[in-house]
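A closer look at the structure
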Amino acid sequence: MQRFIEPAVLAGISSLDLVAKTVVDGFVAGLHRSPDFGFSQEFAEYRAYTPGDDLRHVDWNLFARTERCYLKRYRGETNSQLTVLLDASNSMEYTSGPPKKMDYARFIAASLFYLAIHNQRDAAGVIVFDEKVRDVVRPSTRPGQLARLFAALERAEPHARTDFARPLHHFQELLHRRGIAIVISDFYEDPETIVRAIEPLRFRGNEVVLFHILDPEEIRPVLKSSAILVDLETDQKMEVIPEYAKTSYRARIDAHIERLRSRTRAAGMDYELLVTDRSLDAALRSYLALRKERN
Amino acid sequence: MGFLAPWFLGGLLALGVPVFVHLLRRHVTVPRPVSSLMFFERGVQSSTRHRRLKHLVLFALRTALVLLVVLAFANPFVRRVAANTNGRLMLIVLDNSFSMRAGTHFADAKQRALTQLAAKPKTQRAQIMAMGGQLQILTQPISDSSQLHSALEGIQPGEGHASFGDLGRAVRALAETVRTPIDVHLFSDMQRTAMPSNFADVVLPVNVTLTLHPVGNGAPAPNWTIESIDAPADLADPKDPRRSRVFAVVAGFNTPAATKTVNLVVNGKTVATRRVDVPANGRATVEFAPLDVNYGFNRCEVGIDGNDALPADDASVFAVRRSDPERVLFVHAGNDTRSPVYFGAALKAAAGSSFVLQSVAQEEVTDFDPSRFAFVVLSDSVALPAIFEHAVTQYVAKGGNVFIALGTAAARRAHIPVWDGDVTEAHDYARPGADARTGAAAAVGQVDFAHPALLDEHPGRDNGGWAETRVFYAAAVDPRGTRVAARLNDGAPLVLDKQVGLGHVVLLTTGLENLTNDFPLHPVFVAFVDHIARYLSGTERLGQARLVDSYVQLRPAANSGSEQGSVEVIGPDGRRLLSLTEARAARTLRLDRAGFYQVHLANGRDMVIGVNPDRRESDLQPIAEDVQRLWSGSAETGASQTEAASNPEEKYRPVSLWWCVMLLAFLTALAETAFASRYMGTQREEI
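Residues numbered from 1 in each chain as written. Chains lettered and ligands numbered in written order. Predicted model: local features only at pLDDT ≥ 70, side-chain atom pairs only at ≥ 80, totals over all residues.

Focus: the overall build of chain A
Applied cut-off: Numbering of helices and strands runs from the N terminus, with a helix taken as a DSSP run of H or I at least four residues long and a strand as a DSSP run of E at least two residues long. Put simply, a residue is buried when 20 or more other C-beta atoms lie within 10 Å of its own C-beta and exposed when 12 or fewer do; between those, it is partly exposed, and each C-beta is set from the backbone. Here, residue contact means that the backbone-derived C-beta atoms of the two residues sit within 7 Å.
Assigned secondary structure in chain A consists of eleven helices and ten strands. A buried classification covers 39% of the 295 residues belonging to chain A. Long-range pairs, those at least 24 residues apart, make up 75% of the contacts in chain A between residues at least 6 apart in sequence.

The following block contains the structure:
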């Protein structure tokens with residue numbers, strides 16, 4: 001099953017729910033059993049009764065045996081709220097080979113939704129944005145939520161350019177409950193600007209994760225000769241020589257990634273670089289780790 | 001230039017392929033989308049230009065490749081002069097004789113010859129000859145211009161005497177060998193003295209075209225020279241008024257009357273000066289007497305002052321050896337008292353004090369050592385003591401010379417000492433019943449005046465004085481293996497020369513007294529004794545002066561070299577002229593330069609030879625123009641026959657260049673492959 005998590009294989013699957021089910025099932029089946037893993041009500045501790053406590057929580061069986069009144073405490077239900085902020089700008093349309101960055105982002109989002117709703121029973125929602133908010137599905141655990149989310153992902157076609165600052169206040173309005181906010185984007189912006197735009201989400205008690213989607217050729221571009229490059233968002237053209245792409249560009253993109261990683265972590269957020277030729281389990285693993293921390 | 005298959009030029013349309021690939025298609029550039037140009041920078045323009053330049057080189061190579069392949073199929077050709085198809089041979093003859101040293105004649109002639117050679121079509125064959133003392137063939141008929149040029153450049157002015165007769169003979173021989181039309185270009189001063197007396201000697205075959213290139217302005221420049229010198233080669237007594245003197249003849253060619261100063265230089269010192277009035281175009285004789293020279297060889301020179309057209313001939317050199325009188329051993333029969341008297345008188349009259357005659361009867365000669373004498377005379381001495389005969393035989397074998405006169409004793413004893421032969425019979429012309437052709441006496445019929453013992457350059461009508469001589473009695477010997485210098489009118493040998501070992505034996509088949517002949521009573525006897533004494537003593541070879549290109553004999557021709565010593569020759573420049581191998585084997589030496597030659601002969605004798613250029617070269621008068629026209633037109637018939645064939649503008653042949661073009665195309669393809677693989681190949685990306 002592991003091979004179904006490979007992005008190139010997933011690109012051939014048209015249905016998002018099937019993609020999500022394939023990814024998550026394959027991912028879960030590959031996990032080891034863990035004593036920390038379990039979602040049913042579990043006994044936690046006994047505590048002596050004090051006046052004012054709810055009598056419904058008294059362990060009457062223990063009172064009958066010992067004539068002492070104790071309260072039986074359980075681990076409470078720790079449902080979380082997952083909100084995915086999906087960048088649907090034109091730059092996400094770039095690909096050097098299947099899948100596109102946008103498709104890869106959809107796979108990740110769909111897999112997270114499936115994992116959250118189907119396996120975790122968490123509320124999940126999505127905000128699709130570019131330079132403004134394009135689509136919103138509020139987090140919910142209602143039946144049919146997963147289908148709505150998948151439909152929102154299907155509708156998310158890239159256009160326009162990314163702007164983190166303008167849709168920021170919409171994020172804050174939509175995320176008024178604590179939860180996990182995952183921002184999926186290629187982050188072609190100054191790290192300071194990105195962190196400054198996303199950092200307010202953290203103040204509301206959200207756990208914020210940045211999934212940085214990049215194509216392999218965006219990290220190691222290949223130019224056999226000088227070529228004219230066109231910016232997908234601005235349509236700006238530029239003639240670039242292979243020597244620059246082989247040396248200076250790589251240094252600059254590496255520096256950008258490293259700076260973004262350090263700035264986000266300094267701001268208390270998580271950062272994950274996802275290259276489109278790698279499997280999706282890194283993203284799922286990151287989400288589960290965050291959820292465990294919250295519990 | 002043209003194409004043998006021009007319709008293949010339609011393939012030039014294929015040039016559109018590289019033009020499209022490099023120039024047209026290059027403008028259609030598909031922009032490449034990227035997510036963001038945030039981290040890109042515009043490329044450096046110079047680098048792009050550099051790459052574009054490489055592509056232009058590749059474009060040029062590909063275009064050239066297509067062009068060359070098309071040209072190769074079109075088969076280009078060039079028109080070459082087909083000079084070698086009709087096989088005309090250009091023969092360039094440069095005169096480097098002594099007279100070419102006058103003014104700038106030689107330099108002008110060489111320059112014109114080089115110009116003529118440069119104008120030769122590349123494919124035409126040519127041959128270079130130098131006409132000095134000997135006609136030198138410097139190259140074979142070849143078409144290599146550089147080799148011909150270097151051969152022509154290598155010709156230096158010589159000191160020999162040019163002969164157009166030799167040139168004519170050489171060209172005739174060449175025409176028979178080559179069997180192709182020959183264009184002879186003669187670059188010379190056209191000296192009149194180079195023309196042979198018989199014009200037929202210079203007439204060329206019909207297939208030879210002669211073009212004369214005379215140098216000089218046509219008018220001969222005045223020139224004085226020392227035409228001849230009469231000086232003793234061997235001098236015993238400087239105070240001898242008859243011999244101790246030098247006569248020099250000063251000659252002027254095309255000169256006005258002038259007074260010239262003549263100097264006699266001996267061993268580098270001017271010992272005498274004379275002034276002489278030389279008439280216009282005339283000669284004057286100068287006498288230097290006495291000639292005071294040191295013992296040994298003296299290098300002498302007679303020179304005249306003043307500048308003229310040919311300064312190199314203003315001096316003549318000669319050598320004079322001063323020595324004590326040499327002794328001559330005269331062995332005679334005991335009863336013969338006349339022969340020593342006649343021979344001694346003649347020797348004294350001719351050679352003066354150079355020889356001292358010592359006459360000895362054959363019975364008393366036992367203790368004499370022949371090697372102490374200049375030569376030995378055996379007069380009617382057929383019964384020599386065995387010891388002496390053996391000594392004489394050894395003496396001759398080692399290089400000594402003997403003169404044998406056979407008198408009446410030869411009839412009694414047939415053996416001839418030293419001669420290695422016997423008397424076959426005796427002719428007694430005086431007895432009754434003798435040969436009717438001779439009557440009572442035989443006369444001298446044939447005389448070889450070229451023989452050193454009978455030398456006479458201009459013998460008179462009286463057979464050089466021998467016609468009056470009567471021989472009454474003569475011995476007959478087998479002439480085989482000998483050189484017969486004189487014969488009687490019945491054909492019997494009179495004077496024979498035979499080489500024995502390193503020496504010579506001259507045999508007179510009659511006596512030296514006036515009984516068997518009246519030879520001693522005639523003046524020619526004195527000349528004969530003079531010549532025979534000089535020949536046998538070797539002083540004639542010491543000779544006063546020789547001409548350039550004459551030969552000197554270093555060792556006898558008939559002997560093997562293994563038993564002889566080596567010779568040594570030091571040339572005018574002080575260098576040895578012979579290698580070690582040549583020193584042991586060379587028999588003759590060509591005197592090709594003017595100056596003094598010092599020669600050490602194989603028989604131990606030394607001599608110094610003064611060598612002068614031929615004085616005919618001093619007369620700079622050119623051949624008359626009508627004679628030149630006659631000579632150059634002598635082959636006119638043949639020239640007219642070959643005129644049409646020799647017209648270079650009409651004879652061309654196409655030379656195909658397809659293989660050159662194909663070779664270029666191959667090289668271009670290799671270069672294109674190298675460029676394309678280096679700059680257009682897939683680059684491995686380092687990740």
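So, next bit.
Some details on the overall build of chain B
Tallying secondary structure elements over chain B gives 14 helices and 35 strands in all. For chain B, buried positions account for 41% of its 687 residues. Taking contacts inside chain B between residues at least 6 apart in sequence as the whole, the part at least 24 apart equals 76%.

Here's the deal with unusual backbone geometry
Cis rather than trans, the peptide bond between Pro98 of chain A and Pro99 of chain A has omega equal to 0°. By secondary structure assignment, the location of Pro99 of chain A is in the loop between β3 (81-87) and α4 (101-120). Look at the link from Ala289 of chain B to Pro290 of chain B: it is a cis peptide, with omega at -10°. Of note, Pro290 of chain B is situated in the loop between β14 (283-288) and β15 (296-304). Phi angles above zero are rare outside glycine, and Glu67 of chain A is one such case at about 55°. Counting through the fold element by element, Glu67 of chain A comes out in the loop between α3 (60-66) and β2 (70-74). Phi is positive for Asn254 of chain B, close to 55°, though the residue is something other than glycine. Position of Asn254 of chain B among the secondary structure elements: in the loop between β11 (246-253) and β12 (258-266).

Looking at the interface of chain B and chain A
Applicable threshold: Charged means Asp, Glu, Lys or Arg here, nonpolar means Ala, Val, Leu, Ile, Met, Phe, Trp, Tyr, Cys or Pro, and polar covers whatever is left, Gly included.
Facing 21 residues of chain B, the contacting portion of chain A comprises 29 residues. Looking at the side of chain B that touches chain A, the elements that each hand over two or more residues are β2 (32-34) and α2 (45-74) of chain B. Considering only residue class, the side of chain B that touches chain A consists of nine nonpolar, seven polar and five charged.

Considering the packing of helix α7 (residues 191-203) of chain A against helix α10 (residues 248-266) of chain A
Residues and elements named next belong to chain A. For clarity, the cut-off: In this description, a line fitted to the C-alpha atoms serves as the axis of each element, helices being fitted only across the stretch in contact, and the angle between N-to-C directions of two axes falls anywhere from 0 to 180 degrees. Angles are sorted into four bins: roughly parallel if under 35 degrees, roughly antiparallel if over 145, roughly perpendicular if 65 to 115, and oblique for all others. Left-handed describes a crossing in which the near helix is turned anticlockwise from the far one by less than a right angle; the clockwise case is right-handed.
In contact at an axis separation of 9 Å, α7 and α10 are set at 30° when each is read in the N-to-C sense. Judged on the interaxial angle alone, α10 and α7 are roughly parallel. α10 is crossed by α7, and the crossing has right-handed handedness. Here α7 contributes Pro191, Glu192, Ile194 and Val195 to the contact with α10, which in turn contributes Arg259, Leu260, Arg263 and Thr264. When the residues that make up the contact of α7 with α10 are grouped by side-chain class, the tally is four nonpolar, one polar and three charged.

Some points on the sheet that holds strand β9 (residues 223-230) of chain B
All names here are of chain B. This is how it is decided: The rule for pairing is simple: two strands pair if DSSP sees at least two bridges between them.
Here we have three strands laid out as an open sheet, ordered β9-β11-β14, and antiparallel in their pairing. Since the sheet does not close on itself, it has two edges, and those belong to β9 and β14, each with one partner. Each strand of the sheet is rotated relative to its neighbour by a mean of 25°, with strand direction disregarded. Here β9 pairs with β11 via seven bridges, running antiparallel. The residue bridging Trp224 from the neighbouring strand is Gly252, located in β11.

Regarding the environment of Leu496 of chain B
Residues and elements named next belong to chain B. Residue position: Leu496 is located in strand β27 (residues 493-500). Counting along the chain gives 14 residues from Leu496 to Thr482, while the straight-line C-alpha distance between them is 6.2 Å. Setting aside chain neighbours within four positions, we find Leu496 in contact with Val477, Pro479, Thr482, Arg483, Val484, Ala485 and Leu507.

Points about the pairing of strand β5 (residues 133-140) of chain A
Residues and elements named next belong to chain A. In this structure, strand β4 (residues 123-129) lies alongside β5, joined through five bridges in antiparallel fashion. Residue pairing for β5: Val128 is matched across the bridge by Asp135. The loop that links β4 with its antiparallel partner β5 comprises three residues.

Here's the deal with helix α5 (residues 164-178) of chain B
Residues and elements named next belong to chain B. Selection criterion: Residue count minus one, scaled by 1.5 Å, sets the expected span of a helix. Arc definition: directions from the helix axis to the C-beta atoms.
For α5, with 15 residues, the first-to-last C-alpha span of 20 Å sits near the 21 Å given by 1.5 Å per residue. Within α5, burial applies to Phe164, Leu167, Gly168, Val171, Leu174 and Ala175. Taken around the axis of α5, the buried residues stretch over an arc of 130°, which confines them to a single face. Those residues of α5 that are exposed and aimed more than 90 degrees away from the buried face are Ala173, Glu176 and Thr177.

Observations concerning the confidence of the model for chain A
Spelled out, the test is: Confidence of the predictor at the level of single residues is given by pLDDT, which spans 0 to 100.
Taken as a whole, chain A shows an average pLDDT of 79; of its residues, 79% reach a score of 70 or greater. Within the model, pLDDT remains below 50 along residues 30-40 of chain A, and this stretch shows two contacts once partners closer than five positions in the same chain are excluded.

Points about the nonpolar core
All names here are of chain B. Stated precisely, the cut-off is as follows: Note on terminology: a nonpolar core is a set of buried residues of type Ala, Val, Leu, Ile, Met, Phe, Trp, Tyr or Cys, with members joined through C-beta atoms within 7 Å.
In this structure, Ile92, Val93, Leu94, Val250 and Val320 are the most contacted members of the largest nonpolar core, which totals 88 residues. The leading source of residues in this core is strand β4 (residues 89-95), at six residues. Leave out the neighbours within four places in its chain, and Leu94 touches Ala109, Lys110, Ala113, Ala130, Met131, Leu152, Ile155 and Phe187. Phe375, Val444, Tyr473 and Val524 belong to the second-largest nonpolar core, a separate cluster that totals 70 residues.

Here's the deal with the sheet that holds strand β25 (residues 473-477) of chain B
Residues and elements named next belong to chain B. Strand order across the open sheet formed by three strands is β21-β22-β25, with antiparallel pairing between neighbours. Strands at the two margins of the open sheet, each flanked by one partner only, are β21 (415-416) and β25. Where strand β22 (residues 421-428) lies against β25, five bridges are found, and the strand directions are antiparallel. The residue bridging Asp428 from the neighbouring strand is Tyr473, located in β25.

A short note on the environment of Lys120 of chain B
All names here are of chain B. Its place among the elements puts Lys120 in the loop between α3 (105-118) and β5 (125-131). Of the residues examined, Lys120 has 19 C-beta atoms within 10 Å and is grouped as partly exposed. Between the alpha carbons of Lys120 and Ser145 there is a distance of 8.5 Å; along the sequence they are 25 residues apart. In contact with Lys120, not counting residues within four places along its chain, are Met90, Ala126 and Ser145.

Section: the confidence of the model for chain B
All names here are of chain B. With 88% of its residues at a pLDDT of 70 or more, chain B has an overall mean of 82. Confidence, read as mean pLDDT per element, is least for helix α13 (residues 636-646) in chain B (41) and greatest for strand β20 (residues 402-405) (92). Note on residues 635-650: pLDDT is under 50 here. Beyond four places in sequence and across chains, it has 20 contacts. Confidence drops under a pLDDT of 50 for residues 682-687, and excluding neighbours within four residues, the segment shows three contacts in the predicted structure. Quick note on the complex model: pTM equals 0.51, ipTM equals 0.76.

Some points on α7 of chain A
Residue and element names in this part refer to chain A. Counted only if it meets this: Note on bend: the value at a residue is the angle between axes fitted to the seven residues ending there and to the seven starting there.
The end-to-end C-alpha separation of α7 is 18 Å, in line with the 18 Å expected for 13 residues at 1.5 Å each. The largest bend in α7 comes to about 30°, at Ala197, with the proline Pro200 one to four residues further on. Gly205 sits one or two residues past α7 and shows a positive phi near 90°.

Details of the pairing of strand β13 (residues 269-278) of chain B
All names here are of chain B. Here β12 pairs with β13 via nine bridges, running antiparallel. Across the sheet, Ala258 pairs through a bridge with Val278, a residue of β13. Hairpin geometry of β12 and β13 is characterised by an intervening segment of two residues between the two adjacent antiparallel strands and by a positive phi of about 55° at Asn267.

Looking at the packing of α3 of chain B against helix α4 (residues 145-153) of chain B
Residues and elements named next belong to chain B. Two elements in contact, α3 and α4, have axes whose closest approach is 10 Å; the angle formed by their N-to-C orientations is 175°. Judged by the inter-axis angle, α3 sits roughly antiparallel to α4. The segment α3 lies against α4, with Lys110, Ala113, Leu114 and Leu117 engaging Leu148, His149 and Leu152. For the contact of α3 with α4, the residue count by class is five nonpolar, one polar and one charged.

Comments concerning the environment of Asp380 of chain B
All names here are of chain B. Within the secondary structure layout, Asp380 lies in the loop between β19 (375-379) and α7 (386-397). Taking C-alpha positions, Asp380 is 8.3 Å from Leu512, a pair spaced 132 residues apart along the chain. When residues no more than four places from it in sequence are discounted, the contact partners of Asp380 are His332, Ala333, Asp336, Ser339, Ala405, Leu406, Gly407, Thr408, Ala409 and Gly511.

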